[in-house]
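What follows is the residue order along each chain.
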Amino acid sequence: MKKIKDYQSKDVQSYLSQVKDNDKDIGAFLEFNDSAEASDIEGTLSSVPFGVKDNIAVEGMHLTCGSKMLENFVSPYDATAVKKLKEAGAICLGKTNLDEFGMGSSTDNSALGVTNNPWDTSRVCGGSSGGSAAAVAAGMVPFALGTDTGGSIRQPASFCGVYGLKPTYGVVSRFGLVAYASSLEVCGILADSVDTTRTVFETIKGKDVNDQTSIDHIPASPEAKTIAVLSGDLGLSPEVEAAYKKAAEAYKEKGFSIIETTLPMLDYGIAAYYTIAMGEASANLARYNGVRYGHRSKDASNFEDLVQKSRDEGFGDEVKLRILLGTYVLRSGFQDQYYTRAQKIRTAVRNEFDSVFEKADLIMLPAFPTQAFVHGDSSLDQFQQKLADKFTVAANLAGVPSMSVPVSVENGLPVGMQLMGPVFSEERIFRAAEVLAEVLPPAACPGKMEVC
Ligand code: GLN
């Protein structure tokens, strides 16, 4: 397997042209950085190319959020995570595709392009950080930044057979990240190895004066001996079920004790998540009014008309649906019934995790009930995709870290499992993921780019 060093490139332009060639069938990138050049900064990340999900700001590049609303918007500054990577010598190679404003699980909700799964181009790459996952799986970059509000790093990581870390809430600055649901989302990493994930995490973490919700990382104990797995019928596809068993067996073989548990709050988590996420989205997306920035309708006759038409023309259907529902749950007189209630469920989810973490060091659970599905699969419509977020949204509600780890390839497609721990337990997760990689080494995607 390639190490991060193997990606250090002195001739970035020739590397970029190979990536462009490779991306023709995949569509991971929305924009390439044509002025990318090698860095003379010393260090592990020196001249290492990376991708950035297109809802994270990179100075001088577009920041479309996969939306017509921001199709022509160019960012005047770098997000803190991007700035830290550049200061370490890494090179932003381009911006990656996503579901519009991060809303979805397939990247098919992007208004600006389709991204195919590098393992099977008839299938989705997962979402919403799907372009980042596909770029890593196809070997175009060793890592890419993503965002995770309810699973958007972990689900595409599972679908594309790469590592995907959603850090503890607040540990990576959200400055420069276009807000979807601020109390749930984090900036995180999709990468081709645990080691790369760790290096990038160490580089981008930490309190930031530009983000009042950011915090310094105070590492929890890195040791893990006991891993909790979920018992009962979880509604998994046979392939995901088989991968879950293999991963548990691998830990047993390595001397871990595996305990069975249940998390009844997972079922309530989806309703609570979508209530909170849509409420926050309706407030965050109010800024796109056709006046200050973003799409402005050409045929408006007065101010109200301008706002209405700009929003109607700029937003896609899923975004409109969420704004409408979010506005509904926040209406005066309705807040107690929906938003405040969802916040109570959120506390109950967190308490449930706390009680499991008294008995176990980590929880292992699937990232998604199925493997990557075919584009337009009617059995996984937008509503079914939301229900399938059951295993990922809970970590966002609780603010705890979780990483999707590739554990097996079933019928030619990868399956990832999440390792979830208490706040600040990222290093514990990395070490446990390394143990798993010894027994079940991650398979490379067929046709993975092998140039350096
Ligand atoms: N699928 C979830 C949603 O659509 C998660 C998205 C995300 O994490 N950005 O909201």
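Position numbers for residues count from 1 along each chain, tracking the sequence in the order it is written. With pLDDT at 70 or above as the cut-off, local features in this predicted model cover only qualifying residues; side-chain atom pairs require 80 or more to be listed or tallied, and sums for whole chains, interfaces and linings still use all residues. Just so you know, side-chain values use all the structure's heavy atoms and leave hydrogens and water out.

A.B. asks: Even after reading the chapter, I still don't get the site of the ligand, so can you show me in this structure?
C.D. replies: Taken together, 15 residues sit near the ligand, with Thr149, Gly150, Ser152, Tyr180 and Tyr273 positioned nearest. Ser128 places a polar side-chain atom, nitrogen or oxygen, 3.5 Å from a nitrogen atom of the ligand. We define a polar contact as two N or O atoms separated by no more than 3.5 Å, with the added condition that, inside protein, one atom must be a possible hydrogen donor and the other a possible acceptor, whereas residues neighbouring each other in sequence contribute only through side-chain atom pairs. Interatomic distance of 2.7 Å between a side-chain N/O atom of Tyr273 and an oxygen atom of the ligand. Residue exposure ignores everything except the shown protein chains as possible cover, and the areas themselves are Shrake-Rupley values with a 1.4 Å probe. Considered on its own, the ligand offers 290 Å² of accessible surface; in the complex 100% of this is hidden by protein. Any residue with an atom within 4 Å of a point lines the site, the site being either a cavity, points on a 1 Å grid over the protein atoms alone where a 1.4 Å probe fits but cannot get out, or a pocket, an open set with protein on both sides within 12 Å along at least 5 of 7 lines. If over half the atoms of a molecule are within 2 Å of the grid points of a cavity or pocket, the molecule is regarded as sitting in it. Of the pockets mapped on this structure, the ligand occupies the largest cavity. Side-chain classes follow a simple rule in which Ala, Val, Leu, Ile, Met, Phe, Trp, Tyr, Cys and Pro form the nonpolar group, Asp, Glu, Lys and Arg form the charged group, and the remainder, Gly included, forms the polar group. Looking at the shell around the ligand residue by residue, the classes come out as four nonpolar, eight polar and three charged. Only a single heavy atom is needed: when it lies within 4 Å of a molecule or strand, its residue is near that molecule or strand.

A.B. asks: What's the story with the packing of helix H6 (residues 238-253) against helix H13 (residues 426-439) in this structure? I'm lost.
C.D. replies: Helices that pack against each other are described as a pair by the angle of their axes relative to one another and the distance between those axes. Their axes nearest at 9 Å, the elements H6 and H13 cross at an angle of 100 degrees. It follows from the interaxial angle that H6 and H13 lie roughly perpendicular. In contact with Ala247, Ala250, Tyr251 and Glu253 of H6, H13 contributes Ala432, Ala433, Val435, Leu436 and Val439. Across the contact of H6 with H13, the residue classes break down as eight nonpolar, no polar and one charged. For helices, the axis comes from a line fit to the C-alpha atoms of the stretch in contact; other axes are also lines fit to C-alpha atoms, and the angle between any two N-to-C directions lies between 0 and 180 degrees. A run of H or I in DSSP becomes a helix once it reaches four residues, and a run of E becomes a strand once it reaches two; helices and strands are each numbered from the N terminus. Angles below 35 degrees are treated as roughly parallel, those above 145 as roughly antiparallel, those between 65 and 115 as roughly perpendicular, and all remaining angles as oblique. We call two residues in contact whenever any of their non-hydrogen atoms come within 4.5 Å of each other.

A.B. asks: Quick question: what am I supposed to make of the side chain of Asp99 here?
C.D. replies: Inspection of the secondary structure assignment puts Asp99 in the loop between strand S3 (91-96) and strand S4 (116-117). Within the structure, Asp99 has its side chain in polar contact with the backbone nitrogen of Asn109 (distance 2.9 Å). Every residue in contact with Asp99, bar those within four places of it in the chain, is listed here: Cys65, Gly104, Ser105, Ser106, Thr107, Asp108, Asn109, Ser110, Gly127 and Ser128.

A.B. asks: Teacher, can you tell me more about empty space enclosed by the protein here?
C.D. replies: In this approach a probe as big as a water molecule rolls over the atoms, and the regions it shows empty are the leftover space. Grid points are joined across faces, edges and corners, and a volume is the space filled by probe spheres set on the points. This model, assessed by the stated rule, comprises one cavity of 30 Å³ or more. By volume, the largest cavity is sized at about 70 Å³. For the largest cavity, the lining is made up of 15 residues, of which Gly102, Gly104, Ser152, Tyr273 and Asp389 are closest to its centre. Class assignment for the residues of the lining of the largest cavity results in four nonpolar, nine polar and two charged.

A.B. asks: Would you mind showing me how to read the packing of aromatic side chains here?
C.D. replies: In this scheme Phe, Tyr and Trp rings, the latter by its six-membered ring, pair at centre separations within 6.5 Å, and the angle between planes marks the pair as stacked below 30 degrees, edge-to-face above 60, and tilted otherwise. Tallied over the full model, the rule gives 18 aromatic pairs. Judged by centre distance (5.2 Å) and plane angle (20 degrees), the rings of Tyr77 and Phe175 are stacked. In this pair, Tyr77 is assigned in the loop between strand S2 (49-53) and helix H2 (80-87) and Phe175 in the loop between strand S7 (163-166) and strand S8 (186-191), connecting sequence segments 98 residues apart. Buried, partly exposed and exposed residues are distinguished by accessible area as a fraction of the type maximum, computed with a 1.4 Å probe on protein chains only: under 20%, between the cut-offs, and over 50%, respectively. What makes Tyr77 partly exposed here is its relative accessible area of 37%. Judged by its relative accessible area of 26%, Phe175 is partly exposed. Aromatic side chains Tyr328 and Tyr338 sit 5.8 Å apart centroid to centroid with 50 degrees between the ring planes, which places their arrangement in the tilted category.

These figures capture arrangement, not role.
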